[in-house]
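Residues per chain are reported as follows:
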Amino acid sequence: MKKLSIIIPCYNEGKLIGKVLENVLQTVLDYKLDKEIIVVNDGSTDNTADEINSFSMKNPSVVIIHHPQNMGKGASIRSAIEKITGDIVIVQDADWEYDPNDYNKLLHPIIDGHADVVYGSRFMGNGPHRVLFFFHTLGNKFLTFLSNFFTGLNLTDMETGYKMFKATILKQMTLKENRFGFEPEITAKISRVKNIRIYEVGIAYYGRTYNDGKKINWTDGFQAIWCILKYNILSGK
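These notes cover the structure that comes with them. (Residues numbered from 1 in each chain as written. Predicted model: local features only at pLDDT ≥ 70, side-chain atom pairs only at ≥ 80, totals over all residues. Heavy atoms only, no water.)

## Details of the side chain of aspartate 157
Our working rule: Helix and strand definitions here come from DSSP, where helices need a minimum of 4 consecutive H or I residues and strands a minimum of 2 consecutive E residues; each element is numbered from the N-terminal end. For each residue, the accessible area found with a 1.4 Å probe, counting protein chains only, is set against the maximum for its type, and the residue is called buried under 20%, exposed over 50%, and partly exposed in between. Think of a polar contact as two N or O atoms within 3.5 Å of one another; within protein, one of them needs to be a possible hydrogen donor and the other a possible acceptor, and neighboring residues in sequence only count if both atoms come from side chains. The contact definition used throughout considers only heavy atoms, calling two residues in contact when any of these lie within 4.5 Å.
With respect to the helices, strands and loops of the structure, aspartate 157 is situated in the loop between helix H5 (134–151) and strand E6 (163–166). The class of aspartate 157 is buried, set by a relative accessible area of 0%. Here arginine 122 takes part through its side chain, which lies 2.7 Å from a polar atom of the side chain of aspartate 157. Residues contacting aspartate 157, with those up to four places away along its chain left out, are Tyr119, Gly120, Ser121, Arg122, Phe123, Thr144 and Glu200.

## Looking at helix H2 (residues 48–58)
Heads up, the rule is: Arc, as used here, means the arc of the directions from the helix axis to the C-beta atoms.
Where H2 is concerned, the buried positions are Thr48, Ile52, Phe55 and Ser56. End-on view of H2: buried residues confined to an arc of 100°, all on one side of the axis. More than 90 degrees from the buried face of H2, the exposed residues found are Asp50, Met57 and Lys58. Tucked inside the fold, the buried residues of H2 contact strand E1 (3–10), helix H1 (17–26), strand E2 (34–42) and strand E3 (63–67).

## A closer look at unusual backbone geometry
The phi angle at tyrosine 31 is positive, at roughly 65°, despite the residue not being glycine. With respect to the element layout, tyrosine 31 can be found in the loop between H1 and E2. With a phi close to 55°, lysine 32 is a non-glycine residue in the positive phi region. Among the structural elements, lysine 32 can be located in the loop between H1 and E2.

This is the structure we're talking about:
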């Protein structure tokens, strides 16, 4: 395996996207892996597009996709999957809640031949973890429990933003969810892949408040419940 493709969906993150891209670019990968950075500007209405284009001019290898209107995280990931050329893929949120220095933690089980998919868990106690909303934590653990109940997995953090896949696994999935429903959808679908090997590793988490620009809200929690039911016990394939 020679290359890690890094998908960065981005919506109205003009204050942070330049720093995130620079951080991703400077992260040194083990195993001498190359990096492929794919940024999806998902119809941003602030200066995100300008920041991405400016970064691209200095780093022309960065692949940029512009959505004409906001379509959601899941839709952005689908657009990026069409462009990836790497052997391994990770999704990097543009809000800097997740640290690219943790890439190597997720890479090791795959490169060492143990895993096909690795989830970075915020609840396994490895790395700094900002203390924030009790009910968000409770909600995340409930969604993970509900997902595990139907998939038969024993994940500690189904909703994590750090999910790493062998590219062959991700490309065989037919993904439909446009927003944050991507997380329960992909979890349900990989759980049905015969003989798939799924691992978790502990990661750092630098959570944001809504004043900092956090976008997910309580309605996305209800949508996640619906997606868990839809892709596990209803007709969603």
